[in-house]
Amino acid sequence: RVTSVSAQLDVRDPVVARVEIALHLSVQSGTLSSFDFEGLDPDFELLDLEAPSGAGQPQIVRNLPGQLQLQWSDPRVAPRPGEHALRVVYATKHLYTEASNAGTRRVVWTMPRWPERLSNVQISVLGPPGISPSIPEPNFGEQVEVQPAPGSAARVLTYTRVELPRTTGYRVQFELPPLPA
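Rules used in this analysis
- Residues numbered from 1 in each chain as written.
- Predicted model: local features only at pLDDT ≥ 70, side-chain atom pairs only at ≥ 80, totals over all residues.
- Heavy atoms only, no water.
- Salt bridge = Lys/Arg side-chain N within 4 Å of Asp/Glu carboxyl O.
- Helix = DSSP H or I, 4+ residues; strand = E, 2+ residues; numbered from the N terminus.
- Buried < 20%, exposed > 50% of the residue type's maximum accessible area, 1.4 Å probe, protein only.
- Polar contact = N/O pair within 3.5 Å; in protein donor to acceptor, adjacent residues only side chain to side chain.
- Contact = heavy atoms within 4.5 Å.
- Pairing = 2+ DSSP bridges.
- Axes fitted to C-alpha atoms, helices over the stretch in contact; angles between N-to-C directions.

Would you mind showing me how to read the pattern of salt bridges here?
Between side chains of opposite charge, a pair can form as their charged atoms come close. This model, assessed by the stated rule, comprises eight salt bridges. For Arg106, the salt bridge goes to Glu175, with nearest N and O atoms at 2.9 Å. Note that Arg106 is positioned in strand β8 (residues 105–111) and Glu175 in strand β13 (residues 170–176), a separation of 69 residues in sequence. The class for Arg106 is partly exposed, based on a relative accessible area of 40%. Residues joined in a network through salt bridges with shared partners are Arg18, Glu20, Asp48, Glu50 and Arg87.

So what exactly am I meant to see when it comes to the side chain of Glu175 here?
Residue class for Glu175 comes out buried when judged on its relative accessible area of 16%. For Glu175, the side chain forms a polar contact with the side chain of Arg106, separated by 2.9 Å. In this structure Glu175 touches Thr104, Arg105, Arg106, Gly130, Ile131, Ser132 and Ser134, once residues within four positions along its chain are discounted.

In this structure, what is going on with the pairing of β8? I would like to understand it.
Both faces of the sheet carry side chains from a regular strand, because those side chains alternate between them. The side-chain alternation of β8 yields one buried face, formed by Arg105, Val107, Trp109 and Met111, and one unburied face, formed by Arg106, Val108 and Thr110. Judged from the seven bridges that link them, β8 and β13 form a sheet pairing that is antiparallel. Its bridge partner lying in β13, Trp109 is registered against Val172.

Would you take a moment to explain the sheet that holds strand β12 (residues 155–164) for this structure?
Across a sheet, paired strands are connected by hydrogen bonds in the backbone, their directions being either parallel or antiparallel. Read across the sheet, seven strands follow the order β4-β7-β2-β1-β9-β12-β11 without closing on themselves; strand pairing throughout is mixed. Across the chains shown, the open sheet's two edge strands, defined by having one partner strand only, are β4 (45–50) and β11 (142–148). The mean inter-strand angle of the sheet, taken between neighbouring strand axes irrespective of direction, is 15°. The sheet contact formed by strand β1 (residues 2–10) and strand β9 (residues 118–127) spans five bridges and is parallel. Directly across from Leu9, in β9, lies its bridge partner Val125.

Hey, could you run me through unusual backbone geometry in this one?
Even without glycine at this site, Asn120 takes up a positive phi of about 50°. Tracing the sequence through the fold places Asn120 in strand β9. The class of Asn120 is exposed, set by a relative accessible area of 54%.

Mind showing me how you'd approach the sheet that holds strand β10 (residues 132–133) here?
If you walk across this open sheet you meet the three strands as β8-β13-β10, and the pairing is antiparallel. Strand pairing shows two members of the sheet lacking a second neighbour, β8 and β10, which therefore form its edges. Bridge count between β10 and β13: two bridges; the pairing is antiparallel. Each bridged residue has a counterpart across the sheet, and for Ser132 the counterpart in β13 is Glu175.

Next comes the structure, spelled out in structure tokens:
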């Protein structure tokens, strides 16, 4: 079962976004034979996968757009009972929309849903100077912070939900500044 999740979106590139999802899993008994991601961006291109420590690399199965399944067919290399970290990094062009009349671009991204209720879910967005949150209807228990990125001109938006109900996606929205001419 998933015990915590966080995501980082890097939208500094105006064409391709980089998405990193980090999970902590708790395996109660036996071994973990598979793990499913549903609700990823439909055009995702897997860049990196960090399997749980002590486990072998899983077989990667892509069934439908936005879905990824990790399979450990050999129980000897599958994650065993205990706490584990899992990290998936992918690229997507799906986040970007056409520019508005003002030249800004609204981006909407939804973290995949999980079958468990989660606490302190965080999504960080690393973007160019001028990025700003656009929150038409704040989620209950949500905080948004805007900070400069260390060592660069970029800015970081950090969205935090105190509690994310089970099977609920976490949707964030922000505006990107106009592209330089």
